[in-house]
Amino acid sequence: MESLLCRLRRVKRVMVLIITLTWLGGTCGELEEQLFEVGKLKMFVDNLPDMPRLHGFNSVHGILKPTSLQIGMFSTKWKFHRDLPATSVFAFGTSRSTATVPGPTIEAVYGIDTYVTWRNHLPSSHILPGDPTISPATPKHGGIPTVVHLHGGIHEPTSDGNADAWFTAGFKETGPKWTKTTSHYENKQQPGNMWYHDHAMGLTRVNLLAGLLGAYVLRHHAVESPLQLPTGDEFDRPLIVFDRSFRKDGSIYMNATGNNPSIHPQWQPEYFGDAIIVNGKAWPRLTVRRRRYRFRIINASNARFFKFFFSNGLDFIVVGSDSAYLSKPVVTKWILLSPSEIADVVVDFSKSPSRSAVLVNDAPYPYPSGDPVNEENNKVMKFIVNNEPEYDTWKIPKKLIDYPQADVSNAVLTRYIAMFEYVSDSDEPTHLYVNGLPYDAPVTETAKSGTTEVWEVINLTEDNHPLHIHLGLFKVVEQTALLAAGLEEFKECMTKYNDAVKCQISKYARGKKTAVTAHERGWKNVFKMMPGHVTRILVRFSYIHSNGSYPFDPTQEPGYVYHCHILDHEDNMMMRPLKVIY
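Residues numbered from 1 in each chain as written. Predicted model: local features only at pLDDT ≥ 70, side-chain atom pairs only at ≥ 80, totals over all residues. Heavy atoms only, no water.

Student: Help me understand the overall build of the protein chain, please; the structure alone is not making it clear to me.
Tutor: A tally of regular secondary structure across the protein chain gives 6 helices and 37 strands. Expressed along its principal axes, the backbone C-alpha trace of the protein chain runs to roughly 65 × 60 × 50 Å. Expressed as a percentage of its 582 residues, the buried residues of the protein chain come to 62%. Look at the contacts in the protein chain between residues 6 or more apart in sequence, and 78% of them connect residues 24 or more apart. With the model as given, the accessible surface of the protein chain reaches about 21400 Å², and the carbon-plus-sulfur share is 52%. Side chains of the protein chain give 61 positive and 60 negative charges; the mean places of these two sets differ by 5 Å. (Helix = DSSP H or I, 4+ residues; strand = E, 2+ residues; numbered from the N terminus. Buried < 20%, exposed > 50% of the residue type's maximum accessible area, 1.4 Å probe, protein only. Contact = heavy atoms within 4.5 Å. Areas by Shrake-Rupley, 256 points an atom, 1.4 Å probe, with all protein chains shown as cover. Lys, Arg positive; Asp, Glu negative; His and termini not counted. Charge placed at Lys NZ, Arg CZ, Asp CG, Glu CD.)

Here you go:
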């Protein structure tokens, strides 16, 4: 008889219960007695890694040319903490010996094409549990399906990483929408931050948990150099943040039993890990000089929101959001990032009042009405600030890059996009739909290339859902609460008809308006849809930096998608196809 730390995650309105039980031969099941107590790990002992960098271009006699990269997905070991055993992971890299979690940062240049052949070298079976009831990609002859999506990229449909365009090791088997081995990234969009990750049908949550993700930066020197923002490997760094739990042997912990096991044997509505990982290390540290640094912060968690702030009151100077610059810098004390959102910030450590500054998080999980953070997931990383003052050559310009304003009058139509959650008799979630439809239902959203649309996104659930649109960029116009009086009546009508006009949306969308946060008023590709609200966004299906048409045919199959970027939701049907037409 021995005591164990048994975690029961009931993730509807989540109560994350951490309770000590007595082991009576499998009371908690699924080997939870082996869960590593991350509270025993000392924080801030590992240095922050700078992930390997790959050029998405060739330089021939000083002239930049397109290049072709070969990037593999490998099964390997990774040390997430000095005192944690090495962890089995799936990792991107140019070879097994150089593969990392996160993968290498791809640095591309505006106007120079990058070609990537993503190669699957993964074993026949997964390191994490799966669930056959949520329609995952299922090869007939074994193997782990993968397909890579460049999040925030504007490129041809055949290179977008459609969930059904998966492939197994050596391209032995391919999904129904797979077309070619090499992805083509035109790099003709606005400069900014993206990230690449697996996108296989019903497996995205487990493939990302295993480690298949990395950063992608698109630079435009003629546009960005005059800004004089911090640059160079030391002063300009991606910070890829996510959460993980571990067993005592160092392996990644993921529940093997679902919250509705009679319906879904393994699937649970959200995954939350106990340790916060930055660039592949749990609670790392970085020694910085007393000058400005640029950090491209990517929330690569499955479901965790982060509300970042500094323990000593330092400011964030936000210069970009997702894959686009803001029109001017915004100074703020905190930043809220949902899964897949990116904040491009400058931090001026010359203004640090202390020798150390801890990056802290206090976002409840699930967001916004879940449990408060604890000692482990409250801390993110530590900056150790040198005492010596330095002359700083980097600047914070008054203006950044101006892109077109969001003009609703230019929209060619208005769509209503409703988010639904369905529950079992025990009031536990079973699946989530967009517009009351599963992913494989016929296309209902057909957008004309070169046009702008208004989307009224109606969140009828209790969770905040980060909506991500492939290809299209959008601006958030307003957020309006649904009136509490009659809300259940409206939900019932929407569940029955899925017709916002028929259900008199104008009668109910008359509540309090929440202003869009200043640093989120630029062009985005993902945004947090507040529960019980209608969020109006202006979606543009063309470049935002020019009036030029796409250099590819966006009407090709397999088309694009839009979905909730809580990966556990996306994997369980909260995704819909998006077809672009001429």
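Student: What should I look at first to understand the pairing of strand β26 (residues 379-389) in this one?
Tutor: If a strand is regular, its side chains alternate between the two faces of the sheet. Here 5 bridges tie strand β18 (residues 285-290) to β26, and the two strands are oriented parallel to one another. Across the sheet, Arg285 pairs through a bridge with Lys382, a residue of β26. The sheet contact formed by strand β25 (residues 356-361) and β26 spans 5 bridges and is antiparallel. Looking at the pairing, Val360 lines up with Lys379 of β26. (Pairing = 2+ DSSP bridges.)

Student: Which parts of the structure should I look at to understand the sheet that holds strand β31 (residues 465-469)?
Tutor: Pairing between sheet strands relies on hydrogen bonds along the backbone, with the strands arranged either parallel or antiparallel. Across the sheet, 5 strands lie side by side as β29-β37-β36-β31-β34; this open sheet has mixed pairing. A strand with exactly one partner marks an edge of an open sheet, and here the two such strands are β29 (445-448) and β34 (526-529). Averaged over all pairs of adjacent strands, the angle between strand axes in this sheet comes to 25 degrees, irrespective of strand direction. For β31 and strand β36 (residues 560-564), the ladder comprises 3 bridges, and the chain directions are antiparallel. The residue bridging His468 from the neighbouring strand is His563, located in β36. (Axes fitted to C-alpha atoms, helices over the stretch in contact; angles between N-to-C directions.)

Student: Got a minute to help me understand the UniProt feature "domain: Plastocyanin-like" (unreviewed entry) in the protein chain in this structure?
Tutor: The UniProt record annotates "domain: Plastocyanin-like" (unreviewed entry) at residues 274-358 and 424-580. End C-alpha to end C-alpha, residues 274-358 measures 18 Å, and it is 0% helix and 62% strand. (UniProt positions renumbered as here; feature names shortened; annotations may be inferred.)

Student: So what exactly am I meant to see when it comes to the side chain of Lys475 here?
Tutor: Along the polypeptide, Lys475 turns up in strand β32 (residues 473-481). Despite its burial, Lys475 pairs with no opposite charge; the closest candidate is Asp402, at 7.9 Å N-O. Setting aside residues no more than four positions away along its own chain, Lys475 makes contact with Pro404, Gln405, Ala406, Arg521, Gly522, Trp523, Arg536, Ile537 and Leu538. (Salt bridge = Lys/Arg side-chain N within 4 Å of Asp/Glu carboxyl O.)

Student: Which parts of the structure should I look at to understand the nonpolar core?
Tutor: What tends to happen in soluble globular proteins is that the nonpolar side chains get buried as a cluster. Trp118, Phe295, Phe383, Trp455, Ile458 and Ile537 are the most contacted members of the largest nonpolar core, which has 171 residues in total. Here Ile537 is in contact with Glu453, Val454, Trp455, Val457, Leu467, Ile469, Phe474, Lys475, Val476, Val477 and Met529, once residues within four sequence places are set aside. (Core = buried A, V, L, I, M, F, W, Y, C linked by side-chain atoms within 4.5 Å.)

Student: When you look at the environment of Val476 in this model, what are you seeing that I'm missing?
Tutor: Locating Val476 in the fold gives a position in strand β32. With a relative accessible area of 10%, Val476 lands in the buried category. The spacing of Val476 and Arg119 is 357 residues in sequence and 37 Å in space, taken between C-alpha atoms. Residues contacting Val476, with those up to four places away along its chain left out, are Val516, Phe527, Thr535, Arg536 and Ile537.

Student: Just to check I follow, could you spell out empty space enclosed by the protein for this structure?
Tutor: Over the atoms rolls a probe the size of a water molecule, and in doing so it shows where empty space is left. A complete count under the given rule lists 5 cavities of 30 Å³ or more for this structure. Of the voids in this model, the largest cavity is the one considered here, and its volume is about 170 Å³. Taken together, 19 residues line the largest cavity, and the ones lying closest to its centre are Val147, Thr158, Ala165, Lys180 and Ser183. A volume near 50 Å³ is recorded for the second largest cavity. Together, 13 residues line the second largest cavity, and Ser321, Leu337, Ile342, Ala343 and His519 are the ones closest to its centre. Secondary structure elements with two or more residues in the lining of the second largest cavity: β21 (316-321), β23 (335-337) and β24 (342-348). (1 Å grid on protein atoms, 1.4 Å probe; cavity = no way out; pocket = protein on both sides within 12 Å on 5 of 7 lines; lining within 4 Å. Points joined across faces, edges and corners; volume = space filled by probe spheres on them.)

Student: Before we go on, may I ask you to explain helix α4 (residues 487-497) in this structure?
Tutor: Along an α-helix, residues three or four apart share an orientation, since each turn contains 3.6 residues. Those residues of α4 lying buried are Leu487, Phe490, Cys493 and Met494. Buried positions in α4, seen along its axis, are confined to an arc of 125 degrees and lie on one side of it. Exposed residues pointing more than 90 degrees away from the buried face of α4 are listed as Glu488, Glu492, Thr495 and Lys496. Tucked inside the fold, the buried residues of α4 contact β27 (414-423), β30 (452-459) and α5 (505-508). Asn498 occupies a position one or two residues after α4 and carries a positive phi of about 50 degrees. (Arc of directions from axis to C-beta.)

Student: Could you clarify how one ought to interpret the pattern of salt bridges in this entry?
Tutor: When the charged atoms of two side chains lie near each other, side chains of opposite charge can form a pair. One pass over the full model with this rule turns up 32 salt bridges. A salt bridge links Asp236 to Arg219; the nearest nitrogen and oxygen atoms lie 3.2 Å apart. Linking Asp236 in strand β14 (residues 236-246) with Arg219 in strand β13 (residues 213-219), this pair joins segments that are 17 residues apart in sequence. Between Glu390 and Arg289 there is a salt bridge whose closest N-O contact spans 3.3 Å. In this pair, Glu390 sits in the loop between β26 and β27 while Arg289 sits in strand β18, placing the two residues 101 residues apart along the sequence. What emerges from the salt-bridge pattern is a single network uniting Asp50, Arg53, Glu107, Arg219, Asp233, Asp236, Arg294, Arg296 and Asp344.

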